[in-house]
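Observations on the model geometry
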Amino acid sequence: MVTARPRPVTLALALVLAWVVPLAAHPLRLDALLPLLVLAGTMAIQRGATGLIDRFVLACAQLFGAACVFGLALTVWPGHLHPTLVAGIAFTVLVLIAAATGRLERPRKYRGKQKVHMTALAFAGVTVVTLIPYAARDLGGRLGLPLAGEDIARHYLIYDVIGRTGGYLFLRPEALRPFVPDEELTGIANYPQGLHFTYAVLDRFIASTTGRTSAAAAVDAMVWLMVGTFLLLALAVLWAVRRLAGPGVSPGRLLPVLLVAAAWLVLGDPVTVLSRGYPNELAGLACAAVLAGIVIRPLHSLGEQTVTVALLLVGLSFSYPLFLPFGGLAALWWIRQARLWRFWWGWLAAALVAVVTAIGPLTAMTASSGTQLLLNGTARVVDRPATAALVALAIFAVLLRRGLRAPSHRAALFTVATAFVLAAGLGLYQIATIGRPVYYFDKLLHLLIVAALCALGGLARFLPGLGVAARVGVAIPVVAALAIAGGEWHATPVAPGVKLALGKDRGSPEAARDALLMARMFPDGGGAVNVDLMGSPWRNWSGTLGAAALQHQYRHFPAWSGLLYPGSAGKGSTMDDLDRLVRESPVPVRFFVHDPEASLLVVDGERPYRPNVKPGQPLPVAFGDPAAPTNIAAVQALAAKYPAKVQVVYARPANP
């Protein structure tokens, strides 16, 4: 087929508009509309898929991978992240692609309405259940959810500094030095940053429209972008489920399968990735789901399939390299089926992808220690029995009714088997090394859950003799069993998503509000390290951490972390320890206090006397030794001793 070339006048006009639109949008404060126009343009040039949701999912995946690569150039470009520059280049590239492929003249109509309706219905349910807990909370409540997991402070730090400096930090680590301790510079600068860069770019468009540039506005944008990333993950999974089910499946058969998949996403373990604040993992899981979908049922256009697979591998590399082996093996499965080696450009594409995707693992290795895969973390432990049941159901879905005769079912089984082998291999390694599976094993179980959910599409062709009501009736017990319990062995009442929706999973909202209060009073730190001593121990620790990130003072936090951290192996901090930290601090110290009963110090650091607290119960505000000074008494003594170095702020927190 000969590609229709656009008329020169049409091409010239399109290139002019590519820059006129963003140039006009900026003074009108309409920059926030430009990313939506870029997305619409990317959807418009798709030819490898049919249907609105197909185009939307593929366009989001392609744009994320392209943004990761684009960031390499923008890092050294003088204009950096200015909305007009970013949008102008994006529109220009879209116009050139449309012209080169003959898609500038005649846009195609969307098809496949029936398939869109069922997937859209399931996604609408996921969206409502996901948004309610976040929309019902104030900013402190929203930020408090991931702040309990600690990692969100460093994610914000990377996102914030990229926005300030205009590019990847692994290409210019010295730009990060004023914000982090020297001993953490290499680790943070080389952390995978594709998603942080994307968030920073989108925040520039948002801030340019709203005019809000405070730390509170920036972190609020990041939290909502993280929620949006989870919703994209959910849509990618539901889309892959429908894709495996096939184009001819009826809505009645598809609905119960989508119901189970949607419930698993918002009630089970996937939603904990959102609530605990792991945006990079969300992006990696979303890329893995889209990749599974197009490996299971490839796009009609070989060229678009190749480009999309390549960009998804880049997205995995720049967001969560732990999942890159899964992506690489899934891509090899498709390459084998498509016999891509027959084309010279296939070899060229493979070489380019190999070079670009190597960036993520290589930088991650620089940031990690040799025992990285053995480290513990704050992720919630995956529900083992529920995951085993899901994998069994997925295998049944692709095997039933001689399912392996279909290439799509064989591909789905391969993706599930690949994810299972990777998780099992790491779990066995951890057990052999440290005696138990930890953290990254649960991360790979998240990948296994996503792969298994995508494979559930095969169930749409099961139970052919039942009506719609009966099919939904079969799915309801599965959803109910998932909702009534969670935890490592599915023995903890109600699922994680139920706790989140009911407000039982609160995170650290008091700490988040403390951090926001401190950042509002002293946006740049006020030339001092700001220490939260207003309430209970965990609140103080998380509040100080959050404020350090928001005030761009994280460089000074580690020295105070040990004193504030209440779980330091049975040891306690004394007045002498506090005095030493003040004396050795390179900058003044500002203490925030409020509750007169709040205490954390002990008399004997090696044998601390503290209140008896049952496991799982919150620590009391008066956590210190009754014979030691309270927080207010301690800081008042330090202020009298070091009047030029210590400042005490008697604050009024939003929730004392």
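Residues numbered from 1 in each chain as written. Predicted model: local features only at pLDDT ≥ 70, side-chain atom pairs only at ≥ 80, totals over all residues. Heavy atoms only, no water.

What to know about the nonpolar core
The tendency in soluble globular proteins is for nonpolar side chains to be buried side by side. Residues Tyr156, Leu291, Leu453, Trp560 and Phe591 are the most contacted members of the largest nonpolar core, which totals 201 residues. Ranked by residues supplied to this core, first place goes to helix α10 (residues 215-245) with 22 residues. Residue contacts for Phe591: discarding those within four places in its chain leaves Val531, Leu533, Trp560, Leu578, Val582, Val635, Leu638, Val646, Gln647, Val648 and Val649. (Core = buried A, V, L, I, M, F, W, Y, C linked by side-chain atoms within 4.5 Å. Buried < 20%, exposed > 50% of the residue type's maximum accessible area, 1.4 Å probe, protein only. Helix = DSSP H or I, 4+ residues; strand = E, 2+ residues; numbered from the N terminus. Contact = heavy atoms within 4.5 Å.)

A word on the sheet that holds strand β5 (residues 646-650)
With respect to topology, 3 strands assemble into an open sheet ordered β3-β4-β5, the strand pairing being parallel. Looking at which strands have only one partner, the edges of the open sheet turn out to be β3 (529-532) and β5. The sheet shows a mean angle of 25° between the axes of neighbouring strands, direction not considered. Bridging between β3 and strand β4 (residues 589-593) involves 4 bridges; their strand directions are parallel. When the bridges of β4 are listed, Val529 appears paired with Val589. (Pairing = 2+ DSSP bridges. Axes fitted to C-alpha atoms, helices over the stretch in contact; angles between N-to-C directions.)

Thoughts on unusual backbone geometry
One non-glycine residue, Tyr439, lies in the positive phi region at around 25°. Non-glycine residue Val494 carries a positive phi angle of around 60°. For Val494, a relative accessible area of 31% puts it in the partly exposed group.

A closer look at a nonpolar patch on the surface
On the surface, Leu13, Val16, Leu17, Val20, Val21 and Leu37 cluster together into a nonpolar patch covering about 480 Å² of accessible area. Broken down by element, the residue count for the nonpolar patch peaks at 5 residues, all from helix α1 (residues 8-25). (Patch = residues over 30% accessible without salt bridge, like charges linked within 9 Å, V, L, I, M, F, W, Y side chains within 5 Å. Areas by Shrake-Rupley, 256 points an atom, 1.4 Å probe, with all protein chains shown as cover. Salt bridge = Lys/Arg side-chain N within 4 Å of Asp/Glu carboxyl O.)

A closer look at helix α25 (residues 557-564)
For α25, the set of buried residues is Phe557, Trp560, Ser561, Leu563 and Leu564. For α25, the elements touching its buried residues are β3, α24 (537-550), α26 (575-584) and β4.

Remarks on the pattern of salt bridges
The final tally for this structure, using the stated rule, is 20 salt bridges. Residue Arg384 pairs with Asp442 through a salt bridge whose shortest N-O separation is 2.6 Å. Of the two residues, Arg384 sits in helix α18 (residues 384-399) while Asp442 sits in helix α20 (residues 440-455), which places them 58 residues apart along the sequence. Between Asp577 and Arg580 there is a salt bridge whose closest N-O contact spans 4.0 Å.

Here's the deal with the packing of aromatic side chains
Under the defined criterion, the tally for this structure stands at 16 aromatic pairs. For the pair Tyr168 and Phe197, a centre-to-centre distance of 5.2 Å together with 40° between the ring planes defines the contact as tilted. Within this pair, whereas Tyr168 is found in the loop between α7 (151-165) and α8 (182-189), its partner Phe197 is found in helix α9 (residues 194-210), the two being separated by 29 residues in sequence. The two residues Tyr168 and Phe197 agree in class, both being buried. (Phe/Tyr/Trp six-rings, centres within 6.5 Å; stacked < 30°, edge-to-face > 60°.)

Details of the packing of α10 against helix α13 (residues 279-296)
The geometry of α10 relative to α13 is characterised by a closest axis approach of 9 Å and an angle of 20° between their N-to-C directions. When the axes of α10 and α13 are compared, the pair comes out roughly parallel. Classified by chirality, the crossing of α13 by α10 is left-handed. Contacts between α10 and α13 involve Met222, Met226, Thr229, Phe230, Leu233, Ala236, Val237, Trp239, Ala240, Arg243 and Leu244 on the former and, on the latter, Pro279, Leu282, Ala283, Leu285, Ala286, Ala289, Val290, Gly293, Ile294 and Ile296. (Parallel < 35°, antiparallel > 145°, perpendicular 65-115°, else oblique. Left-handed = near helix turned anticlockwise from the far one by under 90°.)

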